[in-house]
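Each chain, written out:
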Amino acid sequence: GEMRTIRDGSREWYVYDMSCRLSDDLTVYVRGVTSVTDAEESFAVTVRLALILLPMMVLATALIGYRFTRRVLLPVRRITGTVKEIRSDADLSRRVGLTGADNGRAPVHRDEFYALAETFDGMLEELEEVFRREQQFTSDASHELRTPVSVILAQCDAMLSDESLTEEQRSQLALIRRKAAGMSEMISQLLFLSRADQGRQPIHRERLDLSELTEMIIEEQQMLADGAGRGIRIESRISPGVEADADETLYIRMVSNLLSNAVRYSHDGGKVEVILEERDGEVRGRVKDHGVGIAAEDLPRIWERFYRADSSRTETSHSGLGLSMVRWIAHAHGGDVSG
């Protein structure tokens, strides 16, 4: 009735005896024996197997889980990547491309994520078509408006040459001509941006001395500023010998737009600063006015078309397209612009 431990050398057993009396002269004894050593060895083997198999099972589970999760989240990654690419280069022709097959291999299981990707591609197609129609309308409308505006300008010039006009008539004709000239400039800018959006604006790069070219642009803009009679002066700090491969016409338009914008919003008798230098292998330019300024929350949006920050900076002759052209020209030459 008691558990005993019997040891023989390095081996050990548990022994348990019990008796059962069947009759006065018959008693049955039952002995149970088990090897403690064998049990411990079996347990040790089990522990060793567990130590070996458990990491392998964890690794296999992690690998299977990773592949499963990666496959399930593939459409999400593709959608996110496509959105980032569209935001970086504004190319609405990009597509997620998960229409039932994965990279040209066998068709994959279609679930809600793949349905989302197809919906996203359909939305992009519609947006691209809308923007294409808008660009085409802008281009067509600008072309159609050029002729009547040119006729208005020509007729105004002809009538202003008539010496029999009264001062009031001459003043009214001059106002009409100024408005028509503003419309002509806006139409020209719209055509430029329309060609740029459609990839039809050519860029003819050549080696230019930007220092000399910028000085020439400053002289021209200073003459225009003097003609306005506001007493604004343009000061420059141009490093000599700054060269780059650029389109001369586009560079002139970019700097002229920046200077005219700075002069327009400068106070009477103020100044505009122009800096051009080469630093760390890059050409860096800066145009600074000392006018009414722009609120910090409006700065990121001043490069948008037709955007005007506030009424203090709004003029009827200002189309709101000049800075959009500046940004496109800078990006077309591999550069950037900020305010």
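Calculation notes
- Residues numbered from 1 in each chain as written.
- Predicted model: local features only at pLDDT ≥ 70, side-chain atom pairs only at ≥ 80, totals over all residues.
- Heavy atoms only, no water.
- Helix = DSSP H or I, 4+ residues; strand = E, 2+ residues; numbered from the N terminus.
- Patch = residues over 30% accessible without salt bridge, like charges linked within 9 Å, V, L, I, M, F, W, Y side chains within 5 Å.
- Areas by Shrake-Rupley, 256 points an atom, 1.4 Å probe, with all protein chains shown as cover.
- Salt bridge = Lys/Arg side-chain N within 4 Å of Asp/Glu carboxyl O.
- Lys, Arg positive; Asp, Glu negative; His and termini not counted.
- Charge placed at Lys NZ, Arg CZ, Asp CG, Glu CD.
- Buried < 20%, exposed > 50% of the residue type's maximum accessible area, 1.4 Å probe, protein only.
- Pairing = 2+ DSSP bridges.
- Axes fitted to C-alpha atoms, helices over the stretch in contact; angles between N-to-C directions.
- Core = buried A, V, L, I, M, F, W, Y, C linked by side-chain atoms within 4.5 Å.
- Contact = heavy atoms within 4.5 Å.

Caption draft 1: Fine view of unusual backbone geometry. In this structure, Asp280 takes a positive phi of about 55° despite not being glycine. One can find Asp280 in the loop between β7 (271-279) and β8 (282-289).

Caption draft 2: A look at a positive patch on the surface. A contiguous patch of positive charge on the surface is contributed by Arg67, Arg70, Arg71 and Arg77. Residue position: Arg67 is located in helix α1 (residues 36-89). Classification of Arg67 as exposed rests on a relative accessible area of 60%.

Caption draft 3: Expanded view of the pattern of salt bridges. Under the criterion given, the structure shown has 17 salt bridges. Across the salt bridge formed by Glu273 and Arg237, the nearest N and O atoms sit 3.8 Å from each other. Highlighted residues: Glu273 in strand β7 and Arg237 in strand β5 (residues 233-238), separated in sequence by 36 residues. Exposure remark for Glu273: the relative accessible area of 16% places this residue in the buried category. Assessed through its relative accessible area of 52%, Arg237 is described here as exposed.

Caption draft 4: Local environment of the sheet that holds strand β2 (residues 11-23). Strand order in the open sheet made by the three strands is β1-β2-β3, with antiparallel pairing throughout. Of all strands in the sheet, those with a lone pairing partner are β1 (3-8) and β3 (26-35), marking the two edges. On average, adjacent strands in this sheet sit at an angle of 30° to one another, irrespective of strand direction. Pairing between β2 and β3: ten bridges, direction antiparallel. When the bridges of β3 are listed, Met18 appears paired with Val30.

Caption draft 5: Region of the structure containing a nonpolar patch on the surface. Side chains of Met3, Tyr14, Tyr16, Met18, Leu22, Leu26, Val28 and Val30 sit close together on the surface and give an oily, nonpolar patch of about 730 Å² of accessible area. Only β2 and β3 provide two or more residues apiece to the nonpolar patch. Looking at the nonpolar patch element by element, the count peaks at four residues for β2. Structurally, Val28 can be placed in strand β3.

Caption draft 6: Local environment of the nonpolar core. Ranked by size, the top nonpolar core spans 33 residues in total, and within it Leu210, Ile234, Tyr251, Met254, Leu259 and Val272 carry the most contacts. Those elements that provide at least two residues to this core are α3 (167-197), α4 (210-228), β5, β6 (243-246), α5 (248-264), β7 and α6 (322-332). For this core, the element with the most residues is α5, which contributes seven residues. Leu74, Val96, Leu98 and Tyr114 belong to the second-largest nonpolar core, a separate cluster that totals ten residues.

Caption draft 7: Looking closely at the sheet that holds β5. Spatial ordering of the open sheet is given by β5-β7-β8, a layout of three strands whose pairing is mixed. Looking at the sheet topology across the chains shown, the edges are occupied by β5 and β8. Taken over all neighbouring pairs, the strand axes of this sheet differ in orientation by 10° on average, direction set aside. The pairing of β7 with β8 spans eight bridges and is classified as antiparallel. Within β8, the position partnered with Val274 by the bridge is Val287. Running at roughly 175° to β5, α4 makes contact with β5, β7 and β8 of the sheet.

The values are spatial; any link to function lies outside them.
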